[in-house]
Amino acid sequence: MATNNELLRQRLAALSDEQRQFQKKWEDDWRRLSELRHALAALSGALALGVGLSVGYRMGQR
């Protein structure tokens with residue numbers, strides 16, 4: 001039969017492993033979110049440029 005100390009060590013090891021897994025998942029999610037933010041910035045910049053060029057072209061036609 002396991003003693004209280006052994007049970008506590010096992011539980012601590014399990015919690016430590018869970019924490020490592022959570023940190024890795026959080027880091028991966030944060031990295032993915034950062035990549036999406038950069039892509040969104042590029043997309044919105046391209047959209048703004050397209051709208052600006054379109055407005056400029058139409059103004060030039062008048």
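The structure contained in this document is the topic of the report that follows.

The rules behind each value
- For every chain, the first residue of its written sequence is number 1, and the numbers climb from 1 along that sequence.
- Totals for whole chains, interfaces and linings use all residues, but because this is a predicted model, local features are given only for residues with pLDDT of at least 70 and pairs of side-chain atoms are given and counted only at 80 or more.
- Excluding hydrogens and water, the side-chain values take into account all heavy atoms of the structure.
- The helix count covers DSSP runs of H or I at least four residues long, the strand count covers runs of E at least two residues long, and both are numbered beginning at the N terminus.
- Radius of gyration: over C-alpha atoms. The globule rule applied is 2.2 Å multiplied by the number of residues raised to the 0.38 power.
- Think of it in three bands: with a 1.4 Å probe and only protein chains considered, a residue is buried below 20% of the maximum accessible area for its type, exposed above 50%, and partly exposed in between.
- Asp and Glu count as negative and Lys and Arg as positive, but His and the ends of the chain are not part of the count.
- A charge is said to be at NZ when it belongs to Lys, at CZ for Arg, at CG for Asp and at CD for Glu.
- The rule for a salt bridge is simple: a side-chain nitrogen of Lys or Arg has to be within 4 Å of a carboxyl oxygen of Asp or Glu.
- Here a pair means two rings of Phe, Tyr or Trp (six-membered ring of Trp) with centres within 6.5 Å. Their orientation is stacked below 30 degrees between planes, edge-to-face above 60, and tilted elsewhere.

### Notes on the overall build of the protein
Item 1. Scanning the protein from N- to C-terminus turns up one helix and zero strands.
Item 2. In terms of C-alpha radius of gyration, the protein reaches 27 Å, well past the compact-globule figure of 11 Å for 62 residues.
Item 3. Looking at the 62 residues of the protein, the share that counts as buried comes to 0%.
Item 4. For the protein, the separation between the mean place of its 10 positive charges and that of its 7 negative charges on side chains is 12 Å.

### As for the pattern of salt bridges
Item 1. Taken as a whole, this structure holds six salt bridges when the rule is applied.
Item 2. Salt-bridge contacts for Arg11 lead to Glu18; the nearest nitrogen and oxygen are separated by 4.0 Å.
Item 3. A salt bridge links Asp28 to Lys24; the shortest N-O distance between them is 3.2 Å. In this pair, Asp28 and Lys24 are both assigned in helix α1 (residues 4–61), four residues apart and thus about one turn of the helix distant.
Item 4. Taking relative accessible area as the criterion, Asp28 reaches 25% and is therefore assigned partly exposed.

### As for the packing of aromatic side chains
Ring pairs (aromatic) are described by centroid distance and by the angle formed between their planes.
Item 1. In this structure the tally under the stated criterion is one aromatic pair.
Item 2. Ring plane angle 5° and centroid distance 5.9 Å describe the contact between Trp26 and Trp30, whose orientation is recorded as stacked. You can see Trp26 and its partner Trp30 sitting in helix α1, four residues apart, about one turn around the helix.

### Quick word on the environment of Glu18
Item 1. By secondary structure assignment, the location of Glu18 is in helix α1.
Item 2. The class of Glu18 is partly exposed, set by a relative accessible area of 44%.
Item 3. Between the C-alpha atom of Glu18 and that of Gly50, which follows or precedes it by 32 residues, the distance is 47 Å.

### With respect to the environment of Met59
Item 1. With respect to the helices and strands, the residue Met59 is situated in helix α1.
Item 2. On the accessibility criterion, Met59 (59% relative accessible area) is exposed.
Item 3. For the pair formed by Met59 and Ser16, sequence separation is 43 residues and the distance between their alpha carbons is 64 Å.

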